[in-house]
Amino acid sequence: MRKAFSQAELAFTEIHMPLERALRHFESGKSDCIYTMADAIANRAHLKSDQLLSSYPFNSANLHLFTLQTKPKISNLQQVAANNHLIVGLNGYLGYYSDEIIREEVYGRLVLVTDEERALNMLRQNRVDVLIGFMPDYTRHLNELHYDKSFSLGETLDGLTCRTSDLGIATINALSLVFKDMHKDGLLEKILGDEFIDFTYTPKHPYDWLSQDLSSQ
């Protein structure tokens, strides 16, 4: 991200905090932008979709169900329901979790924690049976986790999301052009290495960056 901001000749201050707190910080206007999260923010209804603008992506992410390698892989939600599995997820990601996870087959069997390390520790300690999370976030933990690559609960694109202020629009437009060139030139894959998941960018939502947004500057 620093390389992209540098190429776009943009200055920024980066603040790290737990996911749910970061979302509230952004939604309240205390921060101008947030990494990824456009789909989750839109589903939370605190901001309207026309108040958001999401950049050209720098990566893709797929939602999976992980188990310890000593346990069977999860290949469908029926398997979760049949075994009455307890699932751990991250507070702030509810906008990405499907109705089947939140309300239907495994209602009441989803536990939310603040960060990935807490989720991993609950799984390691057998306090939960399954971890719901995104690849490539857990790439470095595949020495102890596994998952069924053919069974995905959804895909999202990772970029920067800003409010549609003059600053936000200018930031997204500048960064999007940089990310687009870095993707085309193979620099994103080179920088992210094993955590890079290739993607095709096709805008689907009102907040997705389009080249004509440049006229808003």
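Scroll up for the structure.
Residues numbered from 1 in each chain as written. Predicted model: local features only at pLDDT ≥ 70, side-chain atom pairs only at ≥ 80, totals over all residues. Heavy atoms only, no water.

1. Thoughts on the sheet that holds strand S2 (residues 52-54)
And step 1. Strand order across the open sheet formed by three strands is S1-S9-S2, with antiparallel pairing between neighbours. If you trace the sheet from one side to the other, it starts and ends with strand S1 (33-35) and S2, each paired once. In this sheet, adjacent strand axes meet at a mean angle of 20° when their direction is disregarded.
And step 2. Relative to strand S9 (residues 160-163), S1 runs antiparallel, the two being bridged by three bridges. (Pairing = 2+ DSSP bridges. Helix = DSSP H or I, 4+ residues; strand = E, 2+ residues; numbered from the N terminus. Axes fitted to C-alpha atoms, helices over the stretch in contact; angles between N-to-C directions.)

2. A look at the nonpolar core
And step 1. Counting 43 residues, the largest nonpolar core has Met-37, Ile-41, Leu-65, Tyr-93 and Leu-131 as the members making the most contacts within it.
And step 2. With residues near it in sequence (within four places) discarded, Leu-65 still touches Ile-74, Leu-77, Val-80, Val-130, Leu-131, Ile-132, His-146, Tyr-147, Phe-151 and Leu-153.
And step 3. Ala-4, Phe-58, Phe-179 and Tyr-201 belong to the second-largest nonpolar core, a separate cluster that totals 19 residues. (Core = buried A, V, L, I, M, F, W, Y, C linked by side-chain atoms within 4.5 Å. Buried < 20%, exposed > 50% of the residue type's maximum accessible area, 1.4 Å probe, protein only. Contact = heavy atoms within 4.5 Å.)

3. Some points on the state of the cysteines
And step 1. With the rule as written, the count across this model stands at one disulfide.
And step 2. Covalent S-S linkage joins Cys-33 and Cys-162, the inter-sulfur distance amounting to 2.0 Å. In this structure, the disulfide formed by Cys-33 and Cys-162 twists by about 100° around the S-S bond and is classed as right-handed. Placement of the pair is Cys-33 in strand S1 and Cys-162 in strand S9, with a sequence separation of 129 residues.
And step 3. Residue Cys-33 is classed as partly exposed on the basis of its relative accessible area of 26%. (Disulfide = S-S within 2.5 Å.)

4. So, unusual backbone geometry
And step 1. Look at the link from Met-135 to Pro-136: it is a cis peptide, with omega at 25°.
And step 2. The phi dihedral of Glu-9 falls on the positive side, at around 60°, and the residue is not glycine.
And step 3. On the secondary structure map, Glu-9 appears in the loop between helix H1 (2-7) and helix H2 (19-27).
And step 4. Residue class for Glu-9 comes out exposed when judged on its relative accessible area of 73%.
And step 5. If you check the backbone angles, Asn-126 has positive phi at about 60° while not being a glycine.
And step 6. Of note, Asn-126 is situated in the loop between helix H6 (116-124) and strand S6 (130-135).

5. Here's the deal with the side chain of Asp-39
And step 1. Within the fold, Asp-39 resides in helix H3 (residues 38-44).
And step 2. Lys-204 provides the closest opposite charge to the buried, salt-bridge-free Asp-39, at an N-O distance of 8.6 Å.
And step 3. A distance of 3.2 Å separates polar atoms of two side chains, one belonging to Asp-39 and the other to Thr-156.
And step 4. Contact partners of Asp-39, with chain neighbours within four places excluded, come to Tyr-96, Thr-156, His-205 and Tyr-207. (Lys, Arg positive; Asp, Glu negative; His and termini not counted. Salt bridge = Lys/Arg side-chain N within 4 Å of Asp/Glu carboxyl O. Polar contact = N/O pair within 3.5 Å; in protein donor to acceptor, adjacent residues only side chain to side chain.)

6. Some remarks on the pattern of salt bridges
And step 1. Applying the stated criterion across every chain yields a total of six salt bridges.
And step 2. The salt bridge partner of Glu-20 is Arg-24, with a shortest N-O separation of 3.6 Å. Linking Glu-20 with Arg-24, this pair stays in helix H2, spanning four residues, or about one helical turn.
And step 3. For Glu-20, a relative accessible area of 16% gives the class buried.
And step 4. Using a relative accessible area of 47% as the deciding quantity, one classes Arg-24 as partly exposed.

7. Looking at the packing of aromatic side chains
And step 1. All told, the structure shown has 11 aromatic pairs when counted by the stated rule.
And step 2. Relative to Phe-134, the ring of Tyr-96 lies with its centre 5.3 Å away and its plane at 85°, an arrangement referred to as edge-to-face. On the criterion of sequence distance, the pair formed by Tyr-96 in the loop between strand S4 (87-90) and helix H5 (99-102) and Phe-134 in strand S6 is long-range, its members being 38 residues apart. Note on accessibility: Tyr-96 and Phe-134 belong to one class, buried. (Phe/Tyr/Trp six-rings, centres within 6.5 Å; stacked < 30°, edge-to-face > 60°.)

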